[in-house]
Amino acid sequence: MREATVKRLETIANERTGYITTEELLKSGITNRQIAVFVDKGMLEKISHGHYWLACAGCGKPAEYKAVELCITNPNLIICADSACFYQGLISVEPERVSAATRRSDRSRFRMNFPVSRHYFGDSLFREYSRKIETAFGSYTVYDLERSVCDVIRFKDSIDPAVFDLIIDSYRRSEAKQVDRLLEYAAMVRILNRVKNYL
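Residues numbered from 1 in each chain as written. Predicted model: local features only at pLDDT ≥ 70, side-chain atom pairs only at ≥ 80, totals over all residues. Heavy atoms only, no water.

Participant: Sorry, what's going on with the packing of helix α6 (residues 145-154) against helix α7 (residues 161-173) here?
Facilitator: Helix-helix packing: each pair is described by the crossing angle between the helix axes and the interaxial distance. Taken N-terminus to C-terminus, the directions of α6 and α7 make an angle of 140°; their axes are 10 Å apart at the nearest point. Between α6 and α7, the interaxial angle falls into the category oblique. The chirality of how α6 crosses α7 is left-handed. Of α7, the residues touching α6 (which contributes E146, V149, V152 and I153) are F164, I167, I168 and Y171. Residue composition of the contact of α6 with α7, grouped by class: 7 nonpolar, no polar and 1 charged. (Axes fitted to C-alpha atoms, helices over the stretch in contact; angles between N-to-C directions. Helix = DSSP H or I, 4+ residues; strand = E, 2+ residues; numbered from the N terminus. Parallel < 35°, antiparallel > 145°, perpendicular 65-115°, else oblique. Left-handed = near helix turned anticlockwise from the far one by under 90°. Contact = heavy atoms within 4.5 Å. Nonpolar A, V, L, I, M, F, W, Y, C, P; charged D, E, K, R; others polar.)

And the structure:
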């Protein structure tokens, strides 16, 4: 590969915050074949179809890179349940699989470099209690703590038992907990009695 092409990618990497799309690379004059070579050389890391991490930029990925990469890949996706509890600091142990919520009607496929548990939600409550987190590398959307704890109880069978117990224990001890908000969401999804059993 020509040195000028390598320098072009390095220049792009120095001007960006870490992530880039195939379309942006092509517009910068880098061909599909060159992209494949850069991936082989470790200068680009393919994070999903059409999206890359500029590994040649010389900076490490952010702590919340999994959430950012999922939301770059599918902007309508929301980080939920145990993963949302982790990203909001309720627990310090990152779950092995990232829990991600999509609408039931969303049939888009995404293949990530890490395991993902996908949960389907109805349209009526999909955006409720969610917020966008801005980072230097991109944004991601996450459900708030009360909805996330409630969803952990809903999805108990698909959550690592040790992580489940840690979340419930941490929430019980949390000074920031809003039990009324938790019960409000639990009533909306018809698991109020189940949730009350863990308080």
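Participant: Quick question: what am I supposed to make of the side chain of T141 here?
Facilitator: For T141, the location among the structural elements is in strand β8 (residues 138-143). Those residues in contact with T141, other than ones at most four positions away along the chain, are C71, L77, I78, I79, R127, S130, R131 and K132.

Participant: Is there a simple way to think about the environment of E134 in this case?
Facilitator: Take E134: it is sitting in strand β7 (residues 130-135). Overall, the relative accessible area of 60% leaves E134 in the exposed class. Taking the C-alpha atoms as reference points, E134 and V68, 66 residues apart in sequence, are found 9.3 Å from one another. (Buried < 20%, exposed > 50% of the residue type's maximum accessible area, 1.4 Å probe, protein only.)

Participant: I would appreciate a short explanation of the pairing of strand β2 (residues 45-48) in the present structure.
Facilitator: In regular strands, side chains alternate between the two faces of the sheet. Taken together, the 3 bridges between β2 and strand β3 (residues 51-53) define a ladder with antiparallel strand orientation. Residue pairing for β3: K46 is matched across the bridge by Y52. Between β2 and the antiparallel strand that follows it, β3, lie 2 residues; G50 among them carries a positive phi value of about 85°. (Pairing = 2+ DSSP bridges.)

Participant: What's the story with the nonpolar core in this structure? I'm lost.
Facilitator: One recurring pattern in soluble globular proteins is that nonpolar side chains are buried together. One finds L70, I79, Y140, V149, C150 and I167 to be the most contacted residues of the largest nonpolar core, which totals 51 residues. Filtering out sequence-adjacent residues up to four positions away, Y140 remains in contact with E64, A67, V68, C71, I79, Y87, R131, K132, I133 and T135. Ranked by size, the runner-up nonpolar core spans 13 residues in total, among them A13, F38, M43 and Y52. (Core = buried A, V, L, I, M, F, W, Y, C linked by side-chain atoms within 4.5 Å.)

Participant: Where do I start with the packing of aromatic side chains in this structure?
Facilitator: Two aromatic rings are characterised by how far apart their centres lie and by the angle between their planes. This model, assessed by the stated rule, comprises 9 aromatic pairs. Ring geometry for Y87 and Y140: centres 5.7 Å apart, planes at 55°, overall tilted. Taken together, the residues span a long stretch of sequence, with Y87 in helix α5 (residues 81-87) and Y140 in strand β8 at a distance of 53 residues. Seen in terms of ring centroids, F164 and Y198 are 5.4 Å apart; in terms of plane orientation they differ by 80°. Their pairing is edge-to-face. Taken together, the residues F164 in helix α7 and Y198 in the segment after α9 (192-196) connect sequence positions 34 residues apart. For Y198, a relative accessible area of 22% corresponds to the partly exposed category. In textbook terms, an aromatic cluster arises when at least three aromatic residues are bridged by ring pairs, as seen for Y19, W53 and F137. The aromatic ring of Y120 is capped on one face by R107, whose charged end is 4.9 Å from the ring centroid. Sitting over the face of the ring of Y143, R147 holds its NZ or CZ atom 3.7 Å from the ring centroid. (Phe/Tyr/Trp six-rings, centres within 6.5 Å; stacked < 30°, edge-to-face > 60°. Lys NZ or Arg CZ within 6 Å of the ring centre and 35° of its normal.)

Participant: So what exactly am I meant to see when it comes to the pairing of β7 here?
Facilitator: Pairing analysis gives 6 bridges linking β7 to β8, with the strands arranged antiparallel. Bridging across to β8, K132 finds its partner in T141. The loop that links β7 with its antiparallel partner β8 comprises 2 residues.

Participant: What am I meant to see in the sheet that holds strand β1 (residues 19-21) here?
Facilitator: To summarise the sheet geometry, strands pair through backbone hydrogen bonds and adopt either a parallel or an antiparallel arrangement. Here we have 3 strands laid out as an open sheet, ordered β1-β3-β2, and antiparallel in their pairing. Edge positions in the open sheet fall to β1 and β2, since each of these has one partner strand only. Adjacent strand axes in the sheet meet at a mean angle of 35° when their direction is disregarded. Packed onto the sheet, helix α4 (residues 65-73) meets β1, β2 and β3 and runs at close to 20° relative to β1.

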